[in-house]
Every structure is written in structure tokens, then in C-alpha cells.
Amino acid sequence: MKIDEKYLKPYKTIRIAVSHDVFLSKLETQIIDTPEFQRLRRIKELGTSDLVFPTSLHNRFVHSLGTLHMSQKMIRSIRENSHSEGRESEISREQEQLIHLFALLHDIGHIPYGHTIEDEFNIFTRHDEDADRMIRFIGEDSNIGKILLGSNGIGRDLYKKLFKILTSTKQNYHELGEDLFIHDIVSNTVCADLLDYLPRDSYFCDLPVGLDYRFLNYLYLFDDQIEVDSPSNGKESATTESKELFQNKADEYETKGEELIQKRKSNIVQKKKVSVKRTAIRLSNKKGDKPRPDLLNELVSLLEYRYKLGEIVYFHHTKLAAGSMIAGAVYRAKKEKLIKLSELYEMGDERLIYTLQERGDASIKKLADGIELRKLWKASDFCKSREKIDAEQYDTSDNNILETIEERFYSNADYRYQIEKDICDKFGFEDGDVLIHCPKNTMQMKLAQMNVFWQGKHQPLKDCKHNELTDKKLDNILESHQRLWAFRVFINPSIKHMDKYIKSYFNNELCFSNKKKAEKEDVAVNDCTVFELKNNYNIGKLAVSKFDELVDEIKQKVLMDSYGIRDAKNIKGTIAEICQKHGIGKKT
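None of these values were measured; they are calculated from a predicted model. (Residues numbered from 1 in each chain as written. Predicted model: local features only at pLDDT ≥ 70, side-chain atom pairs only at ≥ 80, totals over all residues. Heavy atoms only, no water.)

Draft legend 1. Fine view of the overall build of the chain. Of regular secondary structure, the chain possesses 25 helices and nine strands. Residues counted as buried form 54% of the 588 residues belonging to the chain. Of all intrachain contacts in the chain linking residues separated by at least 6 positions in sequence, the fraction that spans at least 24 positions is 73%. Carbon and sulfur atoms make up 48% of the accessible area of the chain, which totals about 28,100 Å². (Helix = DSSP H or I, 4+ residues; strand = E, 2+ residues; numbered from the N terminus. Buried < 20%, exposed > 50% of the residue type's maximum accessible area, 1.4 Å probe, protein only. Contact = heavy atoms within 4.5 Å. Areas by Shrake-Rupley, 256 points an atom, 1.4 Å probe, with all protein chains shown as cover.)

Written as C-alpha cells, this is what we have:
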């Protein structure tokens, strides 16, 4: 369907903070008036950050409008770029319409506290990687789908393109071909999504904003190629191969057979290049002999500001504690079948908290109440930073420690819960009193991958080399962003006095050093034994030396029997057995 200019004509103006006037077409106005889009008013952009920065209450509805506004600005920048030639500034009306709609709908699938329970804790699939969820919100039978396919909509062909863009992932970007730049403009590196949320988050957190988007004047489109895996293209039949094999002399049979085997292997997965159209920022002239270091420094400053927001807001320890509590409550509710993902499609943030309070058991209600009343868990003294892991990696060559931790505690929500439950069982804590926060370890900034034209070629921003000062600054920003990662533990303030034991437990659980593992396990078993004896057995009359001998006897048997720190029941069983042998009874 060809898009008439009238479909892009402004029909309504909405005034919002930061962006000011946002212009919407009649079609876009109909979309934002649907219940599905209005629901975004009830989902905060920054999740639990308002518990740290009380004015950060802006929502995904406003951010979606701001992203639309920024995408319109980027389209104008591309079309009006005086340094561009030919296809470098060509965006059709149909592509413009797709950009507008993608920008407006890029967050339509978000659930309450989505970044927390999807991105940080991997409890549900990410909203932009869940095709079934997209069908629910913009499928043909949805309210938005019916508007898009209606008499004043965009037609079936463009609708299919829009759905494909909204559900695309890194694995199938190449399938967008000439339309890949649409994804780049809205949701890739230096994109409308980022360029809206940076100043918006800063504004509502009352942080100073010193961003200049002058580099957008140098934004353009270019033809690129993406290398992808290609399935077998070998069309030779078995009969053809047999003829090829047996037409040779007998002494060549083995050699020719091996050649055919290798040929088959190479046909299983081959590489091919697919032509696509992408966005880039021109940081030098086409010859590459006249660089624009001022523009390069603007992009480096953008990177730096994104890092600062991460450090100050997105990774603030109180925000992470609150996020851990919400994730802990949601995981337990999901595990007990008290809540379904489909229910979250109808909810906003407050309703989710209320639902957890109403349906949850004592542990879930306690966590949800803590969020509502701002009675938040505190950081344990245990913290496994990237620096500590890097140092420990020297002592082991068995595995990649960061990848192992991610596999266990990020990728596997069930394993994370079992460890939380195990430590609570060992020390008599209530379920949910100990919560683990382990984000994905790949902390690379997307915007560092932005395509730029620098020194005569297209390359990622992170690879640009200019002078020692700029190069070092760029490297330091990227490294500092990586250092924001850490394995953290948050605990109920009522058990803060037990942090020594919690720290001991996790020092053992996350010890990968071959040299230190035995020592860490010895300490962990010792602490677990001492805790159990002091809290549950009549040892008040035992001399210090006798108590130490008792602990050593128990510890030796636990370690000798290979129970290890992970088996709480066997440790307690061993303690009961040895105490009974020495005539030491349990407290009543």
C-alpha cells in the first residue's frame, strides 16, 4: 500500500516534558487511545528508581511519545543532511510511516517492572523477543491490529513489515534488508529510544543534563552487508555423489571419499553476505582526510553520560535491592502458580504489587509490603565484583568464572532460588530473607557499536582512534561500565547480625580457586556448625576448648562424608548424631 501524505499529516499535538510538542497523525492518535497503549501510563519508565529519586515517576506512555518525537527529528536530519548524496538521504513515505509506528509501539509489550523481572532476573522472556506477546498486543485480532488493518490503516503489506520489525532480533536483523535502518533509527545504538530516555531520566531524577545532539546533523544511510550462516546449498543427490566417487580409480577411492565428506560438512553451515541498509554518523569527509574530532568527542560525551546515569541511577544499590525484592516475589508467585504472565499484560506497577500482597504467602507478602512501605532489604557485606573475579581467574583454568556465574545465577532462575532457599534453611531464616542479584555479565554499551564513518571507512564508534587523550577516555568509559557488574546479596535487615554467616556461605558457593576452595568450605561448614550448636543445643556449660573439639569433630565428619556445605539436612543430621553421642541435648 502506498502511503498518502495526508496519513502523515499532524492531527493532534500533545505537550510533554523534555520533548515539548509531540505531533501525532490521526492513525497514531487512534492507537494511543486504545486500552493497551493507555496501560503504559501505569508502568514507570525507571521501575523502582522512585524509591531513590522520588520524582522519577515518568512512565512508558510519555517515553513512547518522546521516542516518536525523536524519530521524527532523526528522519528530518537524514533528509536534510547537506553532506549526503543519492540513497544516503532517501526515506520513502512508507518507511517514514513504519518508523513512526515502530517508535510509538516499541514498548507496547512491556509488563510492570519489566526491565527488572525480564532483563535483570530472567524470570520471563524479554518483551521485544516474545512473538506471542506481540501477537497479543498488535496481532490482527488485537485493538491496535484492527486499527492498523482498518480502512484508515496502513494495509496488510506494511502491517506485516511492521510486525516483523517489532519482533526482530539480532539473529534475524538481516531479514529486514532495506528496512534495517528503521530498526537502527528507533531501537539499536544511537537511536530515538536512547536519545529520549537519557534526557528524560536525567530530568525526572533532577540530575544535570549537558547533552548536545548536534551529531544528528551528520546522520545518513548507507548500504552495508551482514555475514550470516547459510543452510546447505549443496544440491547434489546421493546418486550423483556415488557416481563422482566411483568414477575414479580404486587407489583414489579413499582420497575422493574424504573430499566428499569434507564437502558435505562445509555445506551444512556456510557463510553468506546479505545486503542491508543502515544508519551511520559521518565523522569525516568521504576521503577520510578531514576528520571531525568535535563530533567524535560529542559521541564520547554521550557514552560518558550514559555511564554516569548507569552508576548514579540504574545501578544504585537501593534500586537494585528493591528490584531484587520484586523479582523474588514475582518468581515465587509464578512458581506457586499464583500469577500468570498473561495477567501481567493487563496490569500496571501498583496493581502488580497489590496482587502479590493479596495472593501471596507470607514470604511473597512480606516482599511486596516492603516495596509499598519502603522497608527495603540491605546489602550484605558479601559482594563479588568483576575485579575480584578477574583476580580469581588466575587461580583456575577449569572454566570461565563470569560465564559460570551467569549460567547458574542469571540464566537459571530456578537455581538462583534454590541457593536462596538453601541458605535460609541452613540458618533458620524465613524464605525470601536472602536474595541474590546477578545481572548478565555482558555489560557492553549498545551505543558504542554505533556505525560511524571515520578515517575513510565505516566502523563501530568504539574502534575509532584519534589521539591518546580521546582514545584513553573512550576505553576508560567502556571499562568503567563493565565494572558496574557485580554479584550482590540483599538481606532482610532483621538478620543483618547474621551477615558473617551469609558472607561465609557465599564465599564458599562462589569460590572457583583450586587453591582456596578447601579453605572456604572449611570456614563455611565451621560457621554453619557453630550457628546450629549455639542456637539449638544446650552447650552453655561446655568449656571453650571442649566446644572447639566438638566443632572440629562435627566438621571433620561432614567434610569426610562429602556432605559439603550445600546439604543442610545432612549437616544438621551429623550435628545431632555427634551431640547425642556426647550427651548434649537440644534446646526445648
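Draft legend 2. How the structure looks around the environment of Pro54. Positionally, Pro54 belongs in the loop between helix 2 (35-38) and helix 3 (60-80). Placed 152 residues apart in sequence, Pro54 and Asp206 show a C-alpha to C-alpha distance of 9.8 Å.

Draft legend 3. Focus on empty space enclosed by the protein. Under the defined criterion, the tally for this structure stands at two cavities of 30 Å³ or more. At the level of elements, helix 14 (317-335), helix 20 (413-427) and strand 6 (434-437) are the ones that each hand at least two residues to the lining of the largest cavity. The element contributing the most residues to the lining of the largest cavity is helix 14, with five residues. Residue composition of the lining of the largest cavity, by class: eight nonpolar, two polar and three charged. Each pocket or cavity is described by its volume, and for the second largest cavity that value is around 30 Å³. Here the lining of the second largest cavity gets three residues from one element, more than from any other, and that element is helix 16 (residues 349-359). Of the residues that constitute the lining of the second largest cavity, the class distribution is five nonpolar, two polar and one charged. (1 Å grid on protein atoms, 1.4 Å probe; cavity = no way out; pocket = protein on both sides within 12 Å on 5 of 7 lines; lining within 4 Å. Points joined across faces, edges and corners; volume = space filled by probe spheres on them. Nonpolar A, V, L, I, M, F, W, Y, C, P; charged D, E, K, R; others polar.)

Draft legend 4. Layout of the packing of aromatic side chains. Per the stated rule, a full pass over the model turns up 17 aromatic pairs. Each ring, one from Tyr220 and one from Phe222, has its centre 6.5 Å from the other, and the planes form 50 degrees; the classification is tilted. Residues Tyr220 and Phe222 agree in their burial class; the two are buried. Ring geometry for Phe427 versus Phe531: centroids 5.1 Å apart, planes at 80 degrees, classification edge-to-face. One end of the pair, Phe427, is in helix 20; the other, Phe531, is in helix 23 (residues 517-536), and 104 residues separate them in sequence. Residue Phe427 shares its accessibility class with Phe531, and that shared class is buried. Members of the aromatic cluster, connected to one another through ring pairs, are Phe382, Phe409, Tyr415, Phe487, Tyr505 and Phe506. Note that Arg41 overlies the ring of Phe61, its terminal NZ or CZ placed 4.0 Å from the centroid. (Phe/Tyr/Trp six-rings, centres within 6.5 Å; stacked < 30°, edge-to-face > 60°. Lys NZ or Arg CZ within 6 Å of the ring centre and 35° of its normal.)

Draft legend 5. Structural view of the pairing of strand 6. Where burial is concerned, the two faces of strand 6 agree: the one with Val434 and Ile436 and the one with Leu435 and His437 are both buried. As judged from the four bridges shared by strand 6 and strand 9 (residues 486-491), these two strands associate in the antiparallel manner. Counterpart to Ile436 in the pairing with strand 9 is Val489. (Pairing = 2+ DSSP bridges.)

Draft legend 6. Here's a closer look at the nonpolar core. One finds Ile31, Leu195 and Phe215 to be the most contacted residues of the largest nonpolar core, which totals 131 residues. Considering each element in turn, this core owes the most residues, 11 residues, to helix 13 (residues 293-314). Beyond its immediate sequence surroundings of up to four residues, Ile31 is in contact with Phe37, Leu101, Leu104, Leu105, Ile144, Ile147 and Leu148. Ile405, Phe409, Phe487 and Ile491 belong to the second-largest nonpolar core, a separate cluster that totals 43 residues. (Core = buried A, V, L, I, M, F, W, Y, C linked by side-chain atoms within 4.5 Å.)

Draft legend 7. Molecular detail of the pattern of salt bridges. All told, the structure shown has 41 salt bridges when counted by the stated rule. The salt bridge partner of Glu96 is Arg79, with a shortest N-O separation of 3.0 Å. Of the two residues, Glu96 sits in helix 4 (residues 93-105) while Arg79 sits in helix 3, which places them 17 residues apart along the sequence. Residue classification places Glu96 among the buried residues on the basis of a relative accessible area of 13%. (Salt bridge = Lys/Arg side-chain N within 4 Å of Asp/Glu carboxyl O.)

Draft legend 8. A look at unusual backbone geometry. Non-glycine residue His20 carries a positive phi angle of around 70 degrees. Mapped onto the elements, His20 comes out in strand 2 (residues 20-24). Given a relative accessible area of 43%, His20 falls into the partly exposed group. The phi torsion at Asn122 lies on the positive side, around 55 degrees, for a residue other than glycine. Considering the arrangement of structural elements, one finds Asn122 in the loop between helix 5 (114-120) and helix 6 (131-138).

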